[in-house]
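Coordinate inspection notes
Each chain, letter by letter, is given below.
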Amino acid sequence: MRLNEVNFDGRSPVDGYGPGFFRIGGKVWQGPVLVSPQGVSAWGGFDDIAAIMAVAGDLDVIFVGTGAQIAYLPKPLVDAAAAAGLGVEPM
């Protein structure tokens, strides 16, 4: 078996997640979380478009969990992300 050390360049890895929480860099975060090159912070959810737009220039991909049920992202969030060049493809 070959093992490779992973270097996160000082960023915090997502260690795990479950109903209503994420474990990132060993710390448990309750509720929605925004993980970006700038760090980890609580996120206001789908209505908090400004938080995503503030880091949009540093993002390539956005992963959004919608909870226990598959759901469409709200149109204002999809439109704002697409306008920022994030290439959102709603289902």
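Attention in this report is confined to the structure presented alongside it.

Calculation rules
Residues numbered from 1 in each chain as written. Predicted model: local features only at pLDDT ≥ 70, side-chain atom pairs only at ≥ 80, totals over all residues. Heavy atoms only, no water. Helix = DSSP H or I, 4+ residues; strand = E, 2+ residues; numbered from the N terminus. Buried < 20%, exposed > 50% of the residue type's maximum accessible area, 1.4 Å probe, protein only. Contact = heavy atoms within 4.5 Å. Areas by Shrake-Rupley, 256 points an atom, 1.4 Å probe, with all protein chains shown as cover. Lys, Arg positive; Asp, Glu negative; His and termini not counted. Charge placed at Lys NZ, Arg CZ, Asp CG, Glu CD. Arc of directions from axis to C-beta. Salt bridge = Lys/Arg side-chain N within 4 Å of Asp/Glu carboxyl O.

Glancing now at the overall build of the protein chain. For the protein chain, the helix and strand inventory stands at 2 helices and 5 strands. For the protein chain, the α and β elements follow one another from N to C terminus as β-β-β-β-β-α-α. For the C-alpha atoms alone, the extent of the protein chain along its principal axes is close to 45 × 30 × 25 Å. By residue count, 20% of the 91 residues in the protein chain fall in the buried class. Within the protein chain, contacts between residues separated by at least 24 positions form 21% of all contacts whose residues are at least 6 apart in sequence. Accessible area of the protein chain: about 6900 Å², with a carbon and sulfur share of 56%. Across the protein chain, 5 positive and 9 negative side-chain charges occur, with their mean positions spaced 7 Å apart.

Bringing helix 2 (residues 75-83) into the picture now. Turn by turn, an α-helix covers 3.6 residues, leaving residues three or four places apart pointing in a common direction. When helix 2 is considered as a whole, its buried residues turn out to be Leu77, Val78, Ala80 and Ala81. Seen end-on, helix 2 carries its buried residues on one side only, within an arc spanning 165 degrees. Along helix 2, exposed side chains directed more than 90 degrees from the buried face belong to Lys75, Pro76 and Ala83. Elements that come into contact with the buried residues of helix 2 comprise helix 1 (49-55). Once helix 2 ends, the next one or two residues include Gly85, with phi positive near 85 degrees.

Looking now at unusual backbone geometry. Non-glycine residue Asp9 carries a positive phi angle of around 50 degrees. Along the chain, the position of Asp9 falls in the segment before strand 1 (14-18). We classify Asp9 as exposed; its relative accessible area is 61%.

Overall, the coordinates contain 1 salt bridge when judged by the stated rule. Between Asp79 and Lys75 there is a salt bridge, and its shortest N-O distance comes to 3.0 Å. Of this pair, Asp79 and Lys75 both sit in helix 2, separated by 4 residues, roughly a single helical turn. Given a relative accessible area of 38%, Asp79 falls into the partly exposed group.

These figures capture arrangement, not role.
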